[in-house]
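# Descriptive analysis of the structure
Single-letter residue listing:
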Amino acid sequence: MRKEIKKYEGQALAIAMVVLVVSAIIGISIYSRTLKDKMLTMGERASAEALEVSDLIIDHITKVSLDEIIEYLDTTHPYDDGDDPDIPGGDINYDVGVTLEESGGEISSLISTLAGATDVFSGLNFCELDSGNGNEYYLNIKRADSNTYFEIRAGQVMGIPIKGEYLAEPESVCSGIIKVAVRGDSTAGFSLLKTYGRNYTDGYAAQYKIYETDDEQQYCFSSSTTLGDRLSGDCNNSDFQGDSWLKFKDNGQDSIPIDDLNDIVSQDGNDYMLDEVRLRAVGGTIGVSFTNTNCISDFEMMEITAAANCNGVYRGKTIMIPAKKWGSPLFDYIIFNGEGSL
């Protein structure tokens, strides 16, 4: 008896179609992945180029004093927003800030005029302005507000210049504050050192008061203290021992009134005014901001942002510059033993 063999017409074609469909899906996936990788690579490249342009702008801007920049902007950009009460010059509202765009040659003109550098961007072989990709360079200069913090790493020092200007009168007008905030490590702390001078000429003291232990105070971040209470609670860092550490609430709401620091002190029969408040980060990074209302002139930080749009990718960098010049300490060392006085 012969066994009947069944034939399946079109079976090979169906298998071939399945293979083609699977192959097409794999091919599309590979193409899509390759396209995404290419776009990511192009995006990373454009991002790096934008940051390089930003670095180039900042490198030139930091070679010029802030006074020169403000004077230049007040001359070339006389916006009619009302005279600025804190920075002498024109009518730019620095709380909002002013933005320069290189498409009009504004940034290169500023750098060329103040820093003497010509053809700042002519040598770039990337992120060209005339490439047709909508590339643009920006420079924004504005006054930093009380919520803009300057970060200080452990062991680093930030000086806030007072230069003998009296803060406490009239009390109804002056409202300067120093704010210190946690930046990653709530077990950090900081020291606050006050230096005093007398007989000022052009912002420089002819004589400085000899350092005394009361001129410096140590603060530790504390979660258990009450806002404004410097004595109760415990330091978040158990290594900060002894009564010499004042408590500073770590919720970002605590502050130190600047005018409270500005007492006239006497030594050897002479009266001295507050010259500088110097903050040093201890045990971790801290953020510091300071503001004032009609206390002293040029007492603020200016926020300078350089940015670029390269092939649709926008990146930038921001630096903080004090309106009043700081004095950089050459020798400034403090020894801590974690137990108070040595």
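As a reminder, the structure under discussion sits directly above these lines.
Remember, predicted model here, so these are calculated numbers, not experimental data.

### Quick notes on the nonpolar core
Note that soluble globular proteins tend to have their nonpolar side chains buried in a common cluster. Core analysis: the biggest nonpolar cluster contains 35 residues, and I57, L73, Y137 and L139 have the highest contact counts within it. Those elements that provide at least two residues to this core are α1 (11–61), α2 (66–76), β1 (98–101), α3 (106–115), β2 (136–143) and β14 (301–310). Examining the composition of this core, we find that six residues originate from one element, α1, more than from any other. Membership of the second largest hydrophobic core comes to 28 residues, among which are I152, A188, L192 and M320.

### Digging into the sheet that holds strand β5 (residues 177–182)
The sheet built from four strands is open, its strands ordered β3-β13-β5-β10 with antiparallel pairing. This sheet does not close on itself; its edge strands, each paired only once, are β3 (150–152) and β10 (255–257). Averaged over all adjacent pairs, the angle separating strand axes in this sheet is 25 degrees, with direction ignored.

### A look at the environment of S223
The residue S223 is located in the loop between β8 (216–222) and β9 (245–249) in this model. It is 6.1 Å that separates the C-alpha atoms of S223 and K249, two residues lying 26 residues apart in sequence. Ignoring anything within four residues of it in the chain, the contact list for S223 reads N236, K249 and D250.

### Some points on the pattern of salt bridges
Applying the stated rule across the entire model yields eight salt bridges. Among the salt bridges present, the one from E151 reaches R183, with a minimum N-O distance of 3.5 Å. With a gap of 32 residues between them, E151 in strand β3 and R183 in the loop between β5 and β6 (189–201) connect regions that are remote in the sequence. The class for E151 is partly exposed, based on a relative accessible area of 47%. According to the relative accessible area criterion, R183 is partly exposed, its value standing at 30%. When salt bridges with common partners are traced through the structure, they connect K209, E212 and D215 into a single cluster.

### Focus on the sheet that holds strand β15 (residues 313–322)
Read across the open sheet, the four strands follow the order β1-β2-β14-β15; overall the sheet is antiparallel. Where the open sheet ends on each side, the last strands, each with one partner, are β1 and β15. When the angles between neighbouring strand axes are averaged without regard to direction, this sheet yields 15 degrees. Where β2 and β14 come together, eight bridges link them in antiparallel fashion. Looking across to β14, one finds that E136 is bridged to N309.

### What to know about the environment of I319
Relative to the assigned elements, I319 resides in strand β15. Distance in space between the C-alpha atoms of I319 and I58 is 8.2 Å, their sequence separation being 261 residues. The contact partners of I319, leaving out residues within four places of it in the chain, are I58, T62, M302, E303 and I304.

### Description of the packing of α1 against α3
Where α1 meets α3, the closest approach of the two axes is 10 Å, and the angle between their N-to-C directions is 30 degrees. Between α1 and α3, the interaxial angle falls into the category roughly parallel. Considering only the axes of α1 and α3, their crossing is left-handed. Residues I57, H60 and I61 of α1 pack against I107, L110, I111 and A115 of α3.

Criteria and thresholds
Residues numbered from 1 in each chain as written. Predicted model: local features only at pLDDT ≥ 70, side-chain atom pairs only at ≥ 80, totals over all residues. Heavy atoms only, no water. Core = buried A, V, L, I, M, F, W, Y, C linked by side-chain atoms within 4.5 Å. Buried < 20%, exposed > 50% of the residue type's maximum accessible area, 1.4 Å probe, protein only. Helix = DSSP H or I, 4+ residues; strand = E, 2+ residues; numbered from the N terminus. Pairing = 2+ DSSP bridges. Axes fitted to C-alpha atoms, helices over the stretch in contact; angles between N-to-C directions. Contact = heavy atoms within 4.5 Å. Salt bridge = Lys/Arg side-chain N within 4 Å of Asp/Glu carboxyl O. Parallel < 35°, antiparallel > 145°, perpendicular 65-115°, else oblique. Left-handed = near helix turned anticlockwise from the far one by under 90°.

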